[in-house]
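Working through the structure, step by step
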Amino acid sequence: MGAVLAGVVAVLLVSLLVAAVGVAGGWRRVRPATAADEASARPVANTAGLDQRRWRVRTVADFLQLIPVVALGLTPLGARFVHLVAPKGDTWHDAAAWLLILAAVAAVTRLPVLWWQRQARRATPELFRPRGGPGRRIARAALAAVGLLSVVLWVVALLLDIRGETGAYQGLFFAVAVITWLRVLMRAIAIRRLPRSDRLSGMVSSLPGDPCIPVVSSWPGLVANAGVVVPWRPVILIAPPITATLTDREMRAVLAHEVAHVRHGDARRRVLRRLLMMLCVLAALAALYGIPALRSLAGLRGRLSAQAGPFLLAVSYLLFRVLRAVELRATRAEERAADRGMVSLTGDPDTCADALGKLSSLLGTPAAWTLPQRLLFATHPATSERLRLLGDPAPVADTQPRAGPSDHVVRRGPPVAALVFSAAAVAIAAAVAIAAVTGSGSSDHRVSDHRVMAVAAEMGKYQVLLPRQVGGAPLDTTSTDAAHLRSSVWGAGDLGRFPDAAPVTGVYDETGSSWLYVWGAYGKLANPSGELSAFWNKFGASLAFDGPGVFPDAEPAGPLGGVLQCDGGTMTCVWADNSAIVVVSLAGLGNLSSGFAYPGETITEQQLATMTLSLRNAAEVRIQHGHVTIKRRHIT
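Residues numbered from 1 in each chain as written. Predicted model: local features only at pLDDT ≥ 70, side-chain atom pairs only at ≥ 80, totals over all residues. Heavy atoms only, no water.

A few points about the overall build of the protein
To be explicit about the condition: Think of it this way: any DSSP run of H or I at least four residues long counts as a helix, any run of E at least two long counts as a strand, and we number them from the N terminus. Partly exposed describes any residue whose relative accessible area lies between the buried limit of under 20% and the exposed limit of over 50%, with all areas from a 1.4 Å probe on protein chains only and scaled to the type maximum. Here, residues are in contact when the closest pair of their heavy atoms is within 4.5 Å. A 1.4 Å probe and the Shrake-Rupley method give the accessible areas. Residues count as covered only by the protein chains that appear here.
Scanning the protein for helices and strands turns up 21 helices and 17 strands. When burial is assessed residue by residue, the protein has 47% of its 636 residues classed as buried. Of the contacts made within the protein by residues no fewer than 6 positions apart, 71% connect residues no fewer than 24 positions apart. Roughly 30,300 Å² of accessible area belongs to the protein as shown, and the carbon and sulfur atoms make up 63% of that amount.

Here's what the structure looks like:
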C-alpha cells in the first residue's frame, strides 16, 4: 500500500505543480515574432562584457552530467559496476564507494564550467565576485563546511536506516534538521549584514507607491547580476559592475524590475514551487521503487541498500529535470510580467529597453535560446523577446482584458496547452501508481517493509530435480547428512510462504564422505530477492557468515535469470528465481566447526559459482502442461 499511496501523492503533486505554473502565467501563449518585428528590432548596445560561451558550456556540462548518472543508475552495465565497488550494499565501505563515484562524476561534469570561469575571469575580471580577504574566505569555507556536514549526516542517517540501527541514534535526525537549517540561517545572516546602499534605496523609494525595500550593492552569485532574496523580508542585491555600467535612469529601471518581482511575490512563489518539485520527486521515487522491473534493472535485492544510491539518483535526476523544464515556464512568465511592471513603474519604455539591452550585453545573454537551453536552465526570456515584448501592447494571447493598468495578472480561463499538459501529467503519474500497484500487490510476504509480487505467469514454471551425479560423485538422499539437511531448513512454516512448495535436499559423496550439500525448495516464489535475504539473515550464524544484514557477492545468474549470490568464506552459493531457491555449499549446516575437506584441488568461489550454474542447468526442469521436461541428468 505504501507504493500505491506514493503514486497517488505523485499524481496530486504533479497536478498542483501544473496549476502553480498556470497561476504564474507559464501556460500563456506568447505571440511569436513576425518579419515586421525583426525589421523594427531595437539594436542592442554593445557593452564590453561576457560572451555567449557561458551558456553553451553550461549546456555541454548538463549533458555530461546526465550521461554518467543515467549510465550508472539505469543500465545493467552500471548495475554490475556498482555491485563490483559496493558488493554487499549495507556497509560503510559500500556507502563511501558510491559516494566517491558520485563525487567523481560531479567533478568531471564541472570541468567545462571551471574552464569557462577561468577564461572569462582572465578576460573580464571585474564581472566576477572578488575572492576577498581572509575573513570572507573563512566565512565562505564555514558555510561550505556546514553544507558538507549536512550531506554527510543525511548519508549516515540513510545507511543506519538500511542497517536497521536507526533506533540506536534517536538524536541523529534532529541533528540533521538542525544542521540543514543552520546553513539557511547562516546565509540569511550574511545577507542581512551586507551594507545598504542609500543611493540605490533612494531610487527605489522614488518609484510610484513609495516602496520601502532595502537595496544592497553586493554579489548575488559568482557572476555580476541583480536579484531578490528573501531571508525574512525581501532584499534587492545589485552587483557593483552593474551600477558602474548603467546610468541612473537605467539603474532606476532595473530596480523597478526587481520591485515588480517583490510586489508579485515571485521569490516566495519560486521557493514554494521548488519545494513542491522536491516533494513530487520523493513521492514518485517511492512509487517507482515499488516496481520490481525497475529494481531488477538497478540490481536491487528487494530491499533498500547503498547499492540503490545510483538508481535512486538517476531516477530523481530525470524526474527533477522534467519538472524543472515545466517550472521554468513559470519563471520566464514572471520575468515578462516584471518587465511590464518595470514599464508601468517608470513610464519610460525607451530607458527600460536600453537598460535591458545593456544588461544582457554585459552578462552575455543570447538573443535567442536554443531548445535544450530553454528546457535546462533558461530562467529569463531571450533578449530579443524581452525587447520586443516591452513595446508590444498585447504580448500574451489573453482571452479577457486586463483588470487595470497596474494589475499584471490576467484573469482568464485555462489555455488548451495547460489542460493538455495537465491531463498528460496526471496520466503519467496514474501509470506510475498502477505500475506500483502491480509491483506491490497483495502478497503477505514482506522484506524490509516493501511489498513485492511477481507476475503469475513467471512463478512456478520450473521444478528442481537433482542430477544423479556431480563431477563423478553420486547423489545420496538417505545419509545422516541428508537427513540433517531435511530437518534443519525450510520447515512447514517457511514453505508456507509460497504455494505448492516442495523441499529439495541431497548430498553428493566422494570416496565415502560428503563433500557437496544441496538443499532448498521449489514452488511459486513471488519475491526471489526477498527469499535470498531471508536465507542469509536466518542461516548466517550457522554458516559462520558475517551475520544478519550482510550479504555476499552477486554473480551472473545465467540464461535462466533470477539471482545468484556466493560467499567465498563459507564456500556457499544460492540461486533464486520465481520457481525455486536452492543452496549449494561445500560445508553444509553445522559442519564448519570441524572443517570440511574437498577431495581434489582447492575450489575457488568463482569455480563454485560455475559449478552451481551447471547444477542449476541440470536440476531446474521446465513444467509444460502438467508434465516435466527432463533435461540431462549428469554433470561432468
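Here the narrative resumes, following the displayed structure.
Section: the nonpolar core
The following threshold applies: Only buried residues count toward a nonpolar core. Its members are Ala, Val, Leu, Ile, Met, Phe, Trp, Tyr and Cys residues joined through side-chain atoms within 4.5 Å.
By size, the foremost hydrophobic cluster in this structure holds 39 residues, and its most contacted members are Ile238, Ile242, Met251, Leu255 and Leu390. Elements with a contribution of two residues or more to this core: α5 (92–123), α8 (198–205), β3 (235–238), α10 (248–264), α13 (309–346), α14 (349–363) and α16 (383–390). Among the elements that line this core, the one with the most residues is α14, at 7 residues. Apart from residues lying up to four places away in sequence, Met251 is in contact with Leu200, Met203, Ile238, Ile242, Thr243 and Leu246. Core analysis: the next-biggest nonpolar cluster, separate from the first, contains 27 residues, Ala502, Tyr508, Trp515 and Ala557 among them.

Quick notes on the environment of Leu276
For Leu276, the location among the structural elements is in helix α11 (residues 266–289). Along the chain, Leu276 and Leu16 lie 260 residues apart, while their C-alpha atoms are 8.0 Å from each other. Contact partners of Leu276, with chain neighbours within four places excluded, come to Leu13, Leu16 and Leu17.

Focus: the packing of α11 against α13
Quick reminder of the rule: For helices, the axis comes from a line fit to the C-alpha atoms of the stretch in contact; other axes are also lines fit to C-alpha atoms, and the angle between any two N-to-C directions lies between 0 and 180 degrees. What sets the label is the angle itself: under 35 degrees gives roughly parallel, over 145 gives roughly antiparallel, 65 to 115 gives roughly perpendicular, and the rest give oblique. By convention the crossing between two helices is left-handed if the near helix lies anticlockwise of the far one by an angle smaller than a right angle, and right-handed if it lies clockwise. Residues were grouped as follows: Ala, Val, Leu, Ile, Met, Phe, Trp, Tyr, Cys and Pro as nonpolar; Asp, Glu, Lys and Arg as charged; and all remaining residues, including Gly, as polar.
Interhelical geometry of α11 versus α13 gives an angle of 155° and a closest axis separation of 9 Å. Judged on the interaxial angle alone, α13 and α11 are roughly antiparallel. As α11 packs across α13, the resulting crossing turns out to be right-handed. In terms of residue class, the contact of α11 with α13 is built from 14 nonpolar, 2 polar and 9 charged.

Quick notes on α10
Because each turn of an α-helix spans 3.6 residues, side chains separated by three or four positions end up pointing in the same direction. Our working definition: Any helix carries an expected span of 1.5 Å times its number of residues minus one.
Taking 1.5 Å as the rise per residue, α10 with 17 residues should run 24 Å; its terminal C-alpha atoms sit 24 Å apart, in good agreement. Summarising burial for α10: 12 of the 17 residues are buried, a large majority. All of the buried residues along α10 are Glu250, Met251, Ala253, Val254, Leu255, Ala256, His257, Glu258, Val259, Ala260, His261 and His264. Directly beyond the C-terminal end of α10, a positive phi value near 70° is found at Gly265.

A few points about the pairing of β3
Put simply, the rule reads: Strand pairing is assigned whenever DSSP identifies at least 2 bridges connecting the two strands.
Side chains Val235 and Leu237 project from β3 onto one buried face, and the interleaved Ile236 and Ile238 project onto a second face that is buried too. Relative to β3, strand β2 (residues 226–229) runs antiparallel, the two sharing 4 bridges. Residue pairing across strands places Val229 opposite Val235, the latter belonging to β3.

A look at unusual backbone geometry
For residues that are not glycine, phi is negative in most cases, and the peptide bond is trans in most cases. Even without being glycine, Asp210 reaches a positive phi, approximately 50°. Among the structural elements, Asp210 can be located in the loop between α8 and β1 (215–217). Taking the relative accessible area as the measure of exposure, Asp210 reaches 61% and is therefore exposed.

As for the state of the cysteines
Convention followed: For this text, the term disulfide refers to a pair of cysteine sulfurs within 2.5 Å.
Enumeration according to the criterion identifies 1 disulfide in this entry. The side chain of Cys566 participates in a disulfide bridge whose partner is Cys573; the two sulfur atoms lie 2.0 Å from each other. Taking the torsion about the S-S bond as the criterion, the Cys566 to Cys573 disulfide, at about 115°, is right-handed. With a relative accessible area of 1%, Cys566 lands in the buried category.

What to know about the pattern of salt bridges
Just so we agree on the cut-off: The salt bridge definition used is simple: a Lys or Arg side-chain nitrogen within 4 Å of an Asp or Glu carboxyl oxygen.
All chains considered together, the criterion is met by 14 salt bridges. Note that Arg336 is salt-bridged to Glu385, the shortest N-O span being 3.1 Å. Of this pair, Arg336 sits in helix α13 while Glu385 sits in helix α16, and the two are 49 residues apart along the sequence. Like Glu385, Arg336 is buried. Residues Arg386 and Asp339 are paired through a salt bridge, measuring 2.9 Å at the closest nitrogen-oxygen approach. Pair noted here: Arg386 is in helix α16 and Asp339 is in helix α13, with a separation of 47 residues, a long-range link. By relative accessible area, which is 10% here, Arg386 ends up buried.

Examining a nonpolar patch on the surface
Selection rule: Residues form patches when they are more than 30% accessible in relative terms and have no salt bridge. Like charges link within 9 Å. Nonpolar side chains (Val, Leu, Ile, Met, Phe, Trp, Tyr) link within 5 Å.
Residues Leu272, Leu275, Met278, Leu279 and Leu282 make up a contiguous nonpolar surface patch of roughly 470 Å² in combined accessible area. Among the secondary structure elements, Met278 is positioned in helix α11. The class for Met278 is partly exposed, based on a relative accessible area of 44%.

Quick word on the sheet that holds β2
The strands making up a sheet associate through backbone hydrogen bonding, with each pair oriented either parallel or antiparallel. Here 3 strands make up an open sheet; going across it, the order is β1-β3-β2 and the pairing mixed. With one partner strand each, in any of the chains shown, β1 and β2 form the two edges of the open sheet. Averaged over all neighbouring strand pairs, the angle between strand axes comes to 25°, with direction disregarded.

Let's talk about the packing of aromatic side chains
For the record, the criterion: Aromatic rings from Phe, Tyr and Trp, taking only the six-membered ring of Trp, are treated as a pair when their centres fall within 6.5 Å; an angle between ring planes under 30 degrees marks them as stacked, one over 60 as edge-to-face, and anything in between as tilted.
Summed over the entire model, instances satisfying the criterion amount to 4 aromatic pairs. Centroid distance Trp116 to Phe128: 5.8 Å. Interplanar angle 50°. Geometry classified as tilted. Residue Trp116 is found in helix α5, and its partner Phe128 is found in the loop between α5 and α6 (134–162); the two are separated by 12 residues along the sequence. Consider the rings of Trp369 and Phe377, whose centres lie 6.2 Å apart with planes at 85°: the pair is edge-to-face. What makes Trp369 buried here is its relative accessible area of 12%. Through pairs of rings, three or more aromatic residues link up here, namely Trp55, Trp369 and Phe377.

What to know about the environment of Val204
Its location among the elements puts Val204 in helix α8. Judged by relative accessible area, which is 0%, Val204 ranks as buried. Between the C-alpha atom of Val204 and that of Leu255, which follows or precedes it by 51 residues, the distance is 6.5 Å.

A few points about α8
Put simply, the rule is: Throughout, the arc means the angular range of directions from the helix axis out to the C-beta atoms.
Within the span of α8, buried status applies to Leu200, Ser201, Met203 and Val204. Along α8, the residues classed as buried sweep out an arc of 155° about the axis, all on the same side. Tucked into the core, α8 has its buried residues touching β1, β3, α9 (240–245) and α10.

Some words on the packing of α14 against α16
Relative orientation of the contacting elements α14 and α16 amounts to 175°, with a least axis distance of 10 Å. Compared by their axis directions, α14 and α16 come out roughly antiparallel. Seen from α14, the contacting residues are Cys352, Ala353, Leu356, Gly357 and Ser360; seen from α16, they are Thr383, Arg386, Leu387 and Leu390. In terms of residue class, the contact of α14 with α16 is made up of 5 nonpolar, 3 polar and 1 charged.

Quick word on the confidence of the model for the protein
Just so we agree on the cut-off: Every residue gets a pLDDT, meaning the predictor's confidence in that residue, from 0 to 100.
Overall, the predicted model of the protein reaches an average pLDDT of 76, with 73% of residues at or above 70. Long-range and interchain partners of residues 436–456, a stretch whose pLDDT sits below 50, account for 50 contacts in this model, where long-range means more than four residues apart. In the model, residues 544–549 has pLDDT below 50 throughout and makes 14 contacts with residues more than four positions away in sequence or in other chains.

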